[in-house]
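Here's the letter readout for the chains.
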Amino acid sequence: MSFLTSKSYNPGDVIYEEKPFIRVLKRDLWDKICAGCCAKSTGLKKCSGCSVMKYCGKSCQKNDWPDHKLECPYLRNYTDFRNKDIVHMIGKLILKLKGKDWKTAASRIFDVEVSFDDLLSQADHGLQNLSFEVLDITTSLESYIGKENVPDKEILKELYGKVTNNSFEFYGGKYPFGNGFENIFGKDHRAMTIKGGSALFLGASKLDHSCVPNAVYHPTGASITVRAIRTIKKFEKVTVPYTNMITNADAPLVHEYVTKFKFREKCYCSDCSQVPGESKLTKILDASKAFGVILETDMALQLPSMLPINYPNPIVDREYLKHLLKRQDKALGRTHLRRMQTLAKLYSPEQPELSKEEMRAGIVELTECMKEVFGEYHPELALYYRSLANINMQLGNEKEAREYCFKVSRLEYVNYGAFFHGEGWEDTLSENQFRHFMEKRS
């Protein structure tokens, strides 16, 4: 579903906010984070009704009551620790929708009403494994909310499909990290706490995907916020990413899955709408060489994901990666996705033998390519700016290191509307300094 803006937006502007239609906390965090604000806290007090959910205080409990009252009488029966989170989510959803028309359970996004009935379901594709998965949780649901409340198999299959296809994972705490970018800004940030649970946002679930998005979304337990990362003109379609394009070697597979199962059609983003081989992410210079080079690159980059989970992450030989880059330079465009992913692999911390100067030059080239495709405020840039700050500091280039710290702060503000000060980042700029910088650049 396409949502067109009624006005223009600048990078960092909030485009849309929405409260969750349904939300559940991870079972192993019930004793650690507040069920109301989702912040990690000590001295939590139990709900007197269920004696299960815990809160910071009366204010959080009161605010959460409209949602919690659905499950409160049943939580004592919630004992399935194998399918714990999905059973909790679907059970609570059944109670919320009981006796209601799915079309009337709705939310508004850009003056468009989106109902629960509008959400696409994996069941729409006739996936055989859904029947087995639904059968697997039926007994647990009957124990949790009572057999009398569990709908028939087909309705349950539809509910399961909608939840698994549209739910968002959120983080516990005040700040909205998530959306696949949890490792981008660094684990030392105070916003990096713990994965808090899952939530369903009706409006945000229908936002269009794009390989080259103009916005990002960040869910918390309290809401989901969509912010512009590029200039968006009036009546322009709002698009968001569904995976890291550079750091995730499986991005093409994720892209195929998202477009096929979530949207049931091919991708119509600004990049994919162009003729294959002509867009920035797919640019081909020599068609006679491109297929072989792309196939070889796929094998090199996707090797870790094809190995068993416990298998040590293999380090692809750096000389081989350099050779691969030379082959790509003759066949693929400078900003081809596989070329940028190869650069990211070659100049990652996994390649300790590279000199600091060589690492710096390679990462600078990568960030320039990324900015050309995604714009200067794409979240994935932060990872490489942090690396450049650290490398320049080690090389004694304090001025350059501070400039990259500055760039990380700009990305934080545009993507999250806040600054996060972690270890070694005491000199990040204030909001007033950032606004002054933006005014000077405009």
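Here the structure is a predicted model, which is why all the values come from computation and not from measurement.

Undergrad: Please set out the UniProt feature "domain: MYND-type" (unreviewed entry) in the protein chain residue by residue, giving values where relevant.
TA: Per the UniProt entry, the sites bearing "domain: MYND-type" (unreviewed entry) are residues 34-72 in this numbering. Secondary structure content for residues 34-72 is 28% helix and 10% strand, while the C-alpha to C-alpha distance between its ends is 15 Å.

Undergrad: Can you lay out the packing of helix H2 (residues 84-97) against helix H4 (residues 153-166) for me, pointing to particular residues and giving the numbers?
TA: Their axes nearest at 10 Å, the elements H2 and H4 cross at an angle of 115 degrees. For the pair H2 and H4, the sense of crossing is right-handed. From H2, Ile 86, Met 89, Ile 90, Leu 93, Ile 94 and Leu 97 reach across to H4, where they touch Leu 156, Leu 159, Tyr 160, Val 163 and Thr 164. Here the residues of the contact of H2 with H4 sort into ten nonpolar, one polar and no charged.

Undergrad: Run through empty space enclosed by the protein, naming residues and quoting values.
TA: On inspection of all chains with the given rule, the structure shows two cavities of 30 Å³ or more. In this model, the largest cavity occupies a volume close to 50 Å³. Listed by contribution, the elements that provide at least two residues to the lining of the largest cavity are strand E2 (22-25), helix H1 (58-68) and H2. The element best represented in the lining of the largest cavity is E2, accounting for three residues. Tallied by class, the residues present in the lining of the largest cavity amount to four nonpolar, one polar and five charged.

Undergrad: Hey, could you go over the sheet that holds strand E11 (residues 224-228) for me, with residue numbers and the actual values?
TA: One open sheet holds the three strands; their spatial order is E1-E11-E10, and the pairing between them is antiparallel. Of all the strands in the sheet, just strand E1 (14-18) and strand E10 (215-219) have a single pairing partner and so form its edges. Recorded for the sheet is a direction-independent mean angle of 15 degrees between the axes of neighbouring strands. Relative to E11, E10 is paired through five bridges, and the arrangement is antiparallel. Within E11, the position partnered with Tyr 217 by the bridge is Val 226.

Basis of the calculations
- Residues numbered from 1 in each chain as written.
- Predicted model: local features only at pLDDT ≥ 70, side-chain atom pairs only at ≥ 80, totals over all residues.
- Heavy atoms only, no water.
- UniProt positions renumbered as here; feature names shortened; annotations may be inferred.
- Helix = DSSP H or I, 4+ residues; strand = E, 2+ residues; numbered from the N terminus.
- Axes fitted to C-alpha atoms, helices over the stretch in contact; angles between N-to-C directions.
- Left-handed = near helix turned anticlockwise from the far one by under 90°.
- Contact = heavy atoms within 4.5 Å.
- Nonpolar A, V, L, I, M, F, W, Y, C, P; charged D, E, K, R; others polar.
- 1 Å grid on protein atoms, 1.4 Å probe; cavity = no way out; pocket = protein on both sides within 12 Å on 5 of 7 lines; lining within 4 Å.
- Points joined across faces, edges and corners; volume = space filled by probe spheres on them.
- Pairing = 2+ DSSP bridges.

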